[in-house]
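Listed below, chain by chain, are the residues.
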Amino acid sequence: MENKMVFGKWEAITLLMNMISTKIVLNFQRKVAEDAGTAGWILTIYISVLALLGFMVIEKLYAEFEGKDLLDIGEYIGGTVGRVMIGSVIFIFLVYIVTVVLREFSENLKIVTLTVSPISFVSLFFLAGMIVGAYLGLEALVRLHAIAIPVLTVTFLFISFAISQYFNISRIMPIFGTGLRNIFVGGFTKVSIFAELLILFLIVPYIRTHKNFKTVGYTSLFIAGFSLTMSSLIFLLVFPYPAAIEGFLPMYQLSRLINYGRFFQRVESVFVFTWGIVALLYLSAGFYFIVFTFKKTFNLTYYQPLIIPFAILIYTMSFLPPNLDSTVILETKYFRNTAWLVTFVMPIVILLIAKTIKKRKKEVKHSNG
Amino acid sequence: MVRKKVLRKVSTIVILCMLSGLSAGCYDRREIDDLAYVIAIGLDKGKSNVLKMTLQFAVPTAIGNGQEGGGSNGEKSSIVTTVETPTIYSGLNMVNNYISKQVDLSHAKVIIFSKELAQEGIHQYIHAIMRGREFRPNMFILVARDSAEEYIKNVKPSLEINPAKYYEMNLEAFKYTGFTGNTQLINFYLQQECTCSQAVATLAAVNRYKTTGDFTVKHSTAGNKSRSYPLEGDFKAGHIPRVGEVHSEIMGLAVFDGGTMVGELDGEETTYYLMQTGQYHYSYITLPDPIVKDKFVVLNVTQNRKPAHRVRMEDGSPKIHANIRLDADILSIQSGKNYEYAGNVHILEKAAEDFIEKGMLQFLERTTTELNADVCAFGKDMKGQFLTWKEWQEFKWLERYKDATFEIDVDLKIRRPGLIIRSKPAYSTKGEEMY
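Owing to the predicted nature of the structure, the values given are computational and were not obtained by experimental measurement.

Student: Which residues make up the overall build of chain B, and what values do they have?
Tutor: Within chain B one finds 14 helices and 16 strands. With the C-alpha coordinates of chain B rotated into their principal frame, the extents come out at 105 × 65 × 60 Å. Per-residue burial for chain B yields a buried fraction of 51% across its 435 residues. Sequence-distant contacts in chain B: of pairs separated by 6 or more residues, those separated by 24 or more amount to 71%. On chain B, the mean spot of the 53 positive side-chain charges and the mean spot of the 53 negative ones are 7 Å from each other.

Student: Could you give me a rundown of the domain arrangement of chain B, with the residues and numbers involved?
Tutor: All names here are of chain B. Under the domain assignment, chain B is made up of domain 1 (33-265) and domain 2 (277-426). Taking only C-alpha atoms into account, the centre of domain 1 sits 29 Å from that of domain 2. Taken together, the contact between domain 1 and domain 2 spans 25 residues of the former and 27 residues of the latter. When the two sides are added together, the surface that domain 1 and domain 2 hide from each other amounts to roughly 2,000 Å², 58% of it contributed by carbon and sulfur. Three residues, Thr195, Cys196 and Gln198, lead the burial of domain 1 against domain 2; their summed loss comes to 28% of the area buried on that side. Here domain 1 and domain 2 share 0 salt bridges between them. Across the side of domain 1 that touches domain 2, the residue classes break down as 12 nonpolar, 7 polar and 6 charged.

Student: Before we move on, could you go through the interface of chain A and chain B and cite the residues and values that matter?
Tutor: Taken together, the 39 residues of chain A in the interface contact 33 residues of chain B. Scanning the region where chain A abuts chain B turns up 1 salt bridge. Of the charged contacts in the structure, one is a salt bridge between glutamate 268 of chain A and arginine 136 of chain B, with a shortest N-O distance of 2.3 Å. On inspection of chain A and its partner chain B, the count reaches 11 residue pairs in polar contact (both at pLDDT 80 or more). Mapped by element, the contributors of at least two residues to the side of chain A that touches chain B are α4 (70-112), α5 (119-136) and α10 (250-257) of chain A. Examining the composition of the side of chain A that touches chain B, we find that 4 residues originate from one element, α5 of chain A, more than from any other.

Student: Report on the pattern of salt bridges, specifying residues and quantitative values.
Tutor: All names here are of chain B. According to the stated counting rule, one finds 41 salt bridges over all chains in the structure shown. Among the salt bridges present, the one from lysine 52 reaches glutamate 149, with a minimum N-O distance of 2.9 Å. Note that lysine 52 is positioned in strand β2 (residues 51-58) and glutamate 149 in helix α6 (residues 148-153), a separation of 97 residues in sequence. Judged by relative accessible area, glutamate 149 falls into the buried class, the value being 15%. Among the charged side chains, a salt-bridge network with shared partners connects Lys225, Arg227, Asp234, Asp266 and Glu268.

Student: Got a sec to walk through the packing of aromatic side chains? Specific residues and values, please.
Tutor: Residue and element names in this part refer to chain A. Counted under the stated rule, the structure contains 40 aromatic pairs over all chains. Ring geometry for phenylalanine 55 versus tyrosine 218: centroids 5.0 Å apart, planes at 85 degrees, classification edge-to-face. With phenylalanine 55 in helix α3 (residues 40-62) and tyrosine 218 in helix α9 (residues 210-238), this pair connects stretches of sequence that are 163 residues apart. Given the relative accessible area of 0%, phenylalanine 55 is considered buried. With a relative accessible area of 25%, tyrosine 218 lands in the partly exposed category. Measuring from centroid to centroid gives 6.3 Å for tyrosine 206 and phenylalanine 292, while their planes differ by 55 degrees, and the two rings are tilted. Of the two residues, tyrosine 206 sits in helix α8 (residues 204-207) while phenylalanine 292 sits in helix α11 (residues 268-297), which places them 86 residues apart along the sequence. With respect to burial, tyrosine 206 and phenylalanine 292 carry one shared label: buried. Put simply, the rings of Phe105, Phe126, Phe156, Tyr252, Phe271 and Trp275 touch in pairs and so form one group of aromatic residues. When the ring centre of phenylalanine 65 is taken as origin, the NZ or CZ atom of lysine 358, which lies over that ring, is 4.9 Å away.

Student: I'd like to hear about the side chain of asparagine 259 of chain A, residue by residue, with values.
Tutor: Following the sequence through the fold, asparagine 259 of chain A ends up in strand β1 (residues 259-260). Sequence-distant contacts of asparagine 259 of chain A, that is, excluding residues within four places in its chain, are made with Gln165, Phe264 and Gln265 of chain A together with Asn138 and Gln184 of chain B.

Student: Can you explain unusual backbone geometry? Please cite residues and give values.
Tutor: Note the cis peptide between methionine 173 of chain A and proline 174 of chain A, where omega equals -10 degrees. With respect to the helices and strands, the residue proline 174 of chain A is situated in the loop between α6 (138-162) and α7 (180-184). Residue proline 242 of chain A is bonded to the preceding tyrosine 241 of chain A through a cis peptide linkage, with omega at 10 degrees. Within the secondary structure layout, proline 242 of chain A lies in the loop between α9 and α10. Positioned with a positive phi, aspartate 294 of chain B is a non-glycine residue whose angle comes to about 65 degrees. Inspection of the secondary structure assignment puts aspartate 294 of chain B in the loop between β10 (282-288) and β11 (296-302). What makes aspartate 294 of chain B exposed here is its relative accessible area of 52%. The phi dihedral of asparagine 372 of chain B falls on the positive side, at around 50 degrees, and the residue is not glycine. Relative to the helices and strands, asparagine 372 of chain B is located in the loop between α11 (345-369) and α12 (379-383).

Student: Break down the packing of α10 of chain A against α11 of chain A for me, with residues and values.
Tutor: When two helices pack together, you describe them by how their axes are tilted relative to each other and by the distance separating the axes. Residues and elements named next belong to chain A. One can describe the packing of α10 onto α11 by two numbers: an axis separation of 8 Å at closest approach and a directional angle of 150 degrees. On the basis of their axis angle, the class for α10 and α11 is roughly antiparallel. Here α10 contributes Met251, Tyr252, Ser255 and Arg256 to the contact with α11, which in turn contributes Glu268, Phe271 and Val272. Residue composition of the contact of α10 with α11, by class: 4 nonpolar, 1 polar and 2 charged.

Student: Report on the environment of tyrosine 125 of chain B, specifying residues and quantitative values.
Tutor: Residues and elements named next belong to chain B. Mapping tyrosine 125 onto the fold places it in helix α5 (residues 123-131). Along the backbone, tyrosine 125 and leucine 43 are 82 residues apart, and their C-alpha atoms lie at a distance of 9.6 Å. Every residue in contact with tyrosine 125, bar those within four places of it in the chain, is listed here: Val50, Leu51, Ile88, Phe113 and Leu117.

Student: Tell me what's going on with α4 of chain A, and back it up with residues and numbers.
Tutor: Residues and elements named next belong to chain A. Between its first and last C-alpha, α4 extends only 39 Å over 43 residues, short of the 63 Å set by a 1.5 Å rise per residue. Maximal helix bending in α4 amounts to about 140 degrees, located at glycine 78. Its side-chain oxygen at 3.0 Å from the backbone nitrogen of leucine 71, aspartate 69 defines the N-terminal cap of α4.

Student: Can you explain the pairing of strand β1 (residues 35-45) of chain B? Please cite residues and give values.
Tutor: Residues and elements named next belong to chain B. Burial analysis of β1 places 10 of its 11 residues in the buried class, which makes it a mostly covered element. Of the strand pairs in this sheet, β1 and strand β4 (residues 102-104) are connected by 3 bridges, and their pairing is parallel. If you follow leucine 35 over to β4, its bridge partner there is glutamine 102. Inspection of the sheet shows β1 paired to β2 by 7 bridges, in the antiparallel sense. If you follow aspartate 44 over to β2, its bridge partner there is lysine 52. Where β1 hands over to β2, the hairpin turn is made up of 5 residues, counted between the paired strands. Pairing analysis gives 4 bridges linking β1 to strand β5 (residues 110-114), with the strands arranged parallel. Among the inter-strand pairings, leucine 43 is bridged to a residue of β5, identified as phenylalanine 113.

The rules we used
Residues numbered from 1 in each chain as written. Chains lettered and ligands numbered in written order. Predicted model: local features only at pLDDT ≥ 70, side-chain atom pairs only at ≥ 80, totals over all residues. Heavy atoms only, no water. Helix = DSSP H or I, 4+ residues; strand = E, 2+ residues; numbered from the N terminus. Buried < 20%, exposed > 50% of the residue type's maximum accessible area, 1.4 Å probe, protein only. Contact = heavy atoms within 4.5 Å. Lys, Arg positive; Asp, Glu negative; His and termini not counted. Charge placed at Lys NZ, Arg CZ, Asp CG, Glu CD. Domains from an automatic or database assignment. Buried area = accessible area lost by both parts, 1.4 Å probe. Salt bridge = Lys/Arg side-chain N within 4 Å of Asp/Glu carboxyl O. Nonpolar A, V, L, I, M, F, W, Y, C, P; charged D, E, K, R; others polar. Polar contact = N/O pair within 3.5 Å; in protein donor to acceptor, adjacent residues only side chain to side chain. Phe/Tyr/Trp six-rings, centres within 6.5 Å; stacked < 30°, edge-to-face > 60°. Lys NZ or Arg CZ within 6 Å of the ring centre and 35° of its normal. Axes fitted to C-alpha atoms, helices over the stretch in contact; angles between N-to-C directions. Parallel < 35°, antiparallel > 145°, perpendicular 65-115°, else oblique. Expected span 1.5 Å × (residues − 1). Bend = angle between axes of the 7 residues up to and from the residue. Pairing = 2+ DSSP bridges.

As structure tokens, this is what we get:
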């Protein structure tokens, strides 16, 4: 019944764009500056190219499995055991990142605007959105993305243009920052920035054809890569290294600088509003895929009964890190250095195995026939 | 089916109740009327504690009444309070303890450090301010040559009812005077944190002259420039020969090495600083007449193009070449010489170029020999010659800057003569008179 629901390429692209680019409003620009210094933007281009190459390999392998998500392929390889194993990995992966991002967004909101409110209260705002989003289902979520993402893109473009009075090309010099080795060898694992591409391998049945899969993958990766590169470049053109790694919430810091005369300033209030929407979209979509993955992994009929228990679980787990810095470390140090194994390596391995099995089955069928 | 419908209705009601609860207000609700808006913060060295913090608050009721010098009941448009405190934030806590409203810094326009404090170092305070959410990055950083408290107490604008607007307009006046700079907090912070430049702050002070009879050139910087009389830029804040209602004034820049103040620039040097950093808009510049002694020519000079810098190393020392392109309109020729005439205009252009080049060179040499601070950020041009951050750091630009030598090339073109295109004499019983 549910698998009959389909949505267009645009909806899928906006969903992935938001899932991958959300880190623009978090700590992405500061993190690449920390890794590559003044060459943070070159590092972003490099990992974007790596992500495109990784997707190219996956997409070629996926050609034979049109309309199947990773769990279906897992089942094809190893039956229920295969599906449960792959489903569990994806489930843990999603629970980890959604939990951490929920805490990060809540903490950031507390720093920026709701300074007196308890963190548990601030998180409730996002949690309410996550629960409602999950109840409404994937179709509502992707349609909301399709409407909201263009508006959010315009807002961020506006901030980027408005801040241009502070640009100074000398701030991205020396051009290779902390060095080529740091960028191209040390930066390899940073391709995990594109970890949310994994969502694409879960929505394959909804976008039907392999052609759509290719278009959605390449387009969303290209747009997300471009947005991430531009955001890191803009940040580094305004904040010189090493001051760039000192400030928290780069996009917020940039929006605070916009100041055209006495009447046009304090634009960050618009930014906070936009930022809240981005957070809600990310968290509600992420949360939906958690319950969806769990349901499909264990072959349950409905996912709705899982929503409240999982919401309580994620809400509670989000308070496990003792402070904001520990939360940021959980994301940037651990997740963003290892998630590529799940997003890129795991699908390639699964698809290679599935392809071999399919080939053998064909050969057996051929020899029998 | 019926059970599902009931469940859906119940869920909708529960969600709506939750959302209405959230939207009805929160812990952070603060009424505009319940806040006391700080417009200026002054920091001096304390006597009984580390800091003496002075806060100037806007009085919205007096500003709203629109009466000159205060409200209809003689209310002042701002009030001032001073506390001694170990840190900025603990001081705010103390002030919150005795004023009726909660202190809000989101409308603060300036933060003023006393010279004494600045000379000890203000990096720790800048960091604390940058960390604070309420401080705006576009508030101005000032250094009071005497006391920050005294300066704030003397800010009594007579043309503005709103003191916040006074600060905004007064501190933006560098765009048409060239005597102060764009020393917003964000600029100060970025210059200070950069490995290629040093920071500057606007110099402020309370004018000491009570009557015109007290005027003296003793405190002018004209003597350092071998001038027998001061030009308009040969002063620093506090010593401008003037009397009037407003006693507070700004003129010149405080120069920092890291977070520590190491010297001062007068008005003229500040103009050259603005030209070198491409922040100069336009201002009147007075120069001696190239032909007639003791007469002046006044030009309205504009900088329409960014300066071009070329930095290279020669025998281990930085060699800096700067090309400054300026346009000018003639405002006054006291001698009556026909410099407007196309055949003579080059005389005035050459004189203006030489005048500015000489002054600029003196200023830049002061930054190396006396101040040892790359305030014009020539390091930015040097940085591009390195490939990696490690190489750049090992080069230690800020240490090498003291050995820098300069070649200045000013290219000034006079474009318009104003509303007089040929200077003609006045006639008296003694014949022709030009002056």
